[in-house]
Amino acid sequence: MAKRSPSFACQNCGAVYNRWKGKCEACDGWNTIVEETGSSNPMVGPVATRPSRAKGRIFPLEGLSGESKEAPRTPSGIAELDRVTGGGFVHGSVILLGGDPGIGKSTLLMQATAALANQGHRVAYISGEEAVAQVRLRAERLGLGQAPVELASETNVEDIVATLSQGRPPALAIIDSIQTMWTETVESAPGTVTQVRGSAQSLIRFAKTTGTAVILVGHVTKDGQIAGPRVVEHMVDAVVSFEGDTGHHFRILRAVKNRFGPTDEIGVFEMSDIGLREVSNPSELFLSGRDLAAPGTAVFAGMEGTRPLLVEIQALVAPSSLGTPRRAVVGWDPSRLSMVLAVLEAHGGLKLGMHDVYLNVAGGLRITEPAADLAAAAALVSSLSGSSLPPDTVYFGELGLSGAIRPVAQEQSRLKEAAKLGFSGAVSPASRADKPNPERLPLAASPIQHVTDLVAGIAARRKRSTA
């Protein structure tokens, strides 16, 4: 037998090297490269593959035309979870769920497994981090102790597959977590890149052959990325992240990748003393407790997939005593804030170079769409001038580098949600806001074309209030 050369793998990104290095060239991580023993299985190990002597099997090829059937799904019984997955768990699919420690991943999965088990489905919960007694205590605390969920505390993948293969295949199997699993086909310690990749491959093969939907719980790094090799995210069918701030009760379930559904939908939950509670109207929850008379606050009418969502954007502009003013932002892209500040200075006539700027999205939500530019700019101008914005007005629109307000999609859905919550005004791009409203929503649209119109409107409001 030929002698195997040692291989070194990065524990953050999975990059493989033939010698040890202090810094990974792929992810720039320091002291993350560890020597790992090669495996005889080319699917899971970093060793070179051997040429195959067997002749390949010929399989039929089909055309694009033909009858297509939708993948069968099993609804979980939790509406917000089904919204993110696209209507339920697809048979034979594998979902990778990530989130910060203590965010509520195990609580959500326990509620989902109990709901499915109460419907008559076979559900298995395999914990590699907690004992069965600990899982039972969590179920009793959530009031789910009587649900017929099959529990086990095991980390060997071969034993897990053999046990779940007995009798009727489970409709759902939870593996908590994939970093604690190990397979006998890999000669590495549990938690290493090779073991995580090999364990995930074995569980994916089990899901595809039996039709069991498998959820793999993954740890996250300090920057919020799922730990382990990135190749695992490409192997699974869906990657879902559970976001939220431990200082808030809100939790956001967001799909990053989904082969069987949309990736722009979110599920909103509220953490309570009896577990996670679904939030059917997130806008009302995010806007609760806001100060209507305080300057520097604007209500943004955004969209998360097909769901309109209203959220408060808070800004604070204060004189700075430092040579380099601070720019701090929570829940929004910092580079987007820098662009909005530059446009306000260049085209709005505002002097923000000697001011500290703080921007926050209330409620712990993270906004990614550029339609929030206008709401952020309105909050910044309001804070700088000390003039409060109309409390019954929403803002949305994309801000161009020339200062022009660009139109955004799904304006009618945004206006309809704002009208449902009692708002009577909307500041939006002129190219869309000046068109007739076919639904006759009780909103007074204020179309603007340039950022100077926004600054002039807020300045005029300040003059009227001080007069």
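Details of the structure are given in the entry above.
Definitions and cut-offs
Residues numbered from 1 in each chain as written. Predicted model: local features only at pLDDT ≥ 70, side-chain atom pairs only at ≥ 80, totals over all residues. Heavy atoms only, no water. Axes fitted to C-alpha atoms, helices over the stretch in contact; angles between N-to-C directions. Helix = DSSP H or I, 4+ residues; strand = E, 2+ residues; numbered from the N terminus. Left-handed = near helix turned anticlockwise from the far one by under 90°. Contact = heavy atoms within 4.5 Å. Nonpolar A, V, L, I, M, F, W, Y, C, P; charged D, E, K, R; others polar. Pairing = 2+ DSSP bridges. Buried < 20%, exposed > 50% of the residue type's maximum accessible area, 1.4 Å probe, protein only. Phe/Tyr/Trp six-rings, centres within 6.5 Å; stacked < 30°, edge-to-face > 60°. Expected span 1.5 Å × (residues − 1). Disulfide = S-S within 2.5 Å. Salt bridge = Lys/Arg side-chain N within 4 Å of Asp/Glu carboxyl O. Core = buried A, V, L, I, M, F, W, Y, C linked by side-chain atoms within 4.5 Å.

Caption draft 1: How the structure looks around the packing of helix α9 (residues 373–385) against helix α12 (residues 451–466). Two elements in contact, α9 and α12, have axes separated by 10 Å at closest approach and are oriented at 35°. Note that α9 runs across α12; the crossing there is right-handed. On the side of α9, the interface is formed by L374, A377, A378, V381, S382 and S385, while α12 contributes L454, V455, I458 and R462. Taken together, the residues of the contact of α9 with α12 sort by class into seven nonpolar, two polar and one charged.

Caption draft 2: Quick peek at the sheet that holds strand β10 (residues 213–218). As summarised here, the arrangement of the nine strands in space is β8-β7-β9-β10-β6-β11-β12-β13-β14, forming an open sheet in which the pairing is mixed. What marks the edges here is a single partner per strand, and that holds for β8 (150–153) and β14 (275–278). If you compare each strand with its neighbour and ignore which way they point, the axes differ by 25° on average. Pairing between strand β7 (residues 123–127) and β8: four bridges, direction parallel. The residue bridging A124 from the neighbouring strand is E150, located in β8. This element, helix α3 (residues 132–141), spans β7 and β8 of the sheet and lies at about 140° to β8.

Caption draft 3: Fine view of the sheet that holds strand β19 (residues 393–395). Across the sheet, which stays open at both edges, the seven strands sit in the order β17-β18-β16-β15-β19-β22-β23 with mixed pairing between neighbours. The two strands at the open ends of the sheet, each matched to only one other strand, are β17 (327–330) and β23 (444–448). Adjacent strand axes in the sheet meet at a mean angle of 30° when their direction is disregarded. As judged from the eight bridges shared by strand β15 (residues 297–304) and strand β16 (residues 307–319), these two strands associate in the antiparallel manner.

Caption draft 4: View of unusual backbone geometry. Cis geometry is adopted by the peptide bond preceding S177, which originates at D176 and carries an omega value of 5°. Residue placement: S177 occurs in the loop between β9 (172–176) and α5 (193–210). The phi dihedral of N31 is positive, around 55°, even though this residue is not glycine. For N31, the position within the fold is in the loop between β2 (16–17) and β3 (33–36). Overall, the relative accessible area of 63% leaves N31 in the exposed class. Unusually for a residue other than glycine, Q410 sits at a positive phi of about 55°.

Caption draft 5: Representation of the pairing of strand β12 (residues 250–258). By the criterion of burial, β12 is predominantly enclosed, with seven of the nine residues buried. Relative to strand β13 (residues 266–272), β12 is paired through five bridges, and the arrangement is antiparallel. When the bridges of β13 are listed, R251 appears paired with F269.

Caption draft 6: View of the packing of aromatic side chains. In the structure shown here, the tally under the stated rule is two aromatic pairs. Ring geometry for F242 versus F269: centroids 6.2 Å apart, planes at 75°, classification edge-to-face. Placement of F242 in strand β11 (residues 238–243) and of F269 in strand β13 is noted, with a sequence separation of 27 residues between them. Judged by its relative accessible area of 3%, F242 is buried. A relative accessible area of 1% places F269 in the buried class.

Caption draft 7: Examining helix α2 (residues 105–118) more closely. With 14 residues, α2 extends 20 Å from end C-alpha to end C-alpha; this agrees with the ideal 20 Å at 1.5 Å per step. When you tally the buried positions in α2, you get 11 out of 14 residues, the bulk of the element. Those residues of α2 lying buried are K105, T107, L108, L109, M110, Q111, A112, T113, A114, L116 and A117. Among the residues trailing α2, G120 stands out with phi positive, at a value near 105°.

Caption draft 8: Structural view of the state of the cysteines. Enumeration over the complete set of coordinates arrives at zero disulfides. Just so you know, C10 is unpaired, no disulfide at all, and the nearest cysteine sulfur is the one on C27, 3.6 Å from it.

Caption draft 9: Helix α8 (residues 334–346), seen in detail. End to end, α8 covers 19 Å across 13 residues, agreeing with the expected 18 Å (1.5 Å per residue, within 8%). Three or more residues of α8 are buried, namely L337, M339, V340, L341, V343 and L344. Contacts from the buried residues of α8 go to β17, β18 (355–361), α9, β20 (398–399) and α12.

Caption draft 10: Region of the structure containing the pattern of salt bridges. One pass over the structure, following the stated rule, counts 15 salt bridges. Taken together, the shared-partner salt bridges connect K208, D237 and R259 into one network.

Caption draft 11: Examining the nonpolar core more closely. If you look at the biggest cluster of nonpolar residues, it comprises 62 residues, and the most contacted ones within it are F300, W332, L344 and L380. The residues touching F300, leaving out its near neighbours within four places in the chain, are L309, L310, V311, I313, I367, E369, A371, A372, A375, Y395, F396 and R414. Grouped together as the second largest cluster of nonpolar side chains are 33 residues, I103, I174, V217 and V240 included.

Caption draft 12: Just the environment of A26, in detail. Summarising the element assignment, A26 is placed in the loop between β2 and β3. Classification of A26 as exposed rests on a relative accessible area of 56%. Once the C-alpha coordinates of A26 and G244 are considered, the two residues, 218 residues apart in sequence, prove to be 29 Å apart.

Caption draft 13: Representation of the side chain of N156. Along the chain, the position of N156 falls in the loop between β8 and α4 (157–164). Apart from the residues within four sequence positions on either side, N156 is in contact with W182 and E184.

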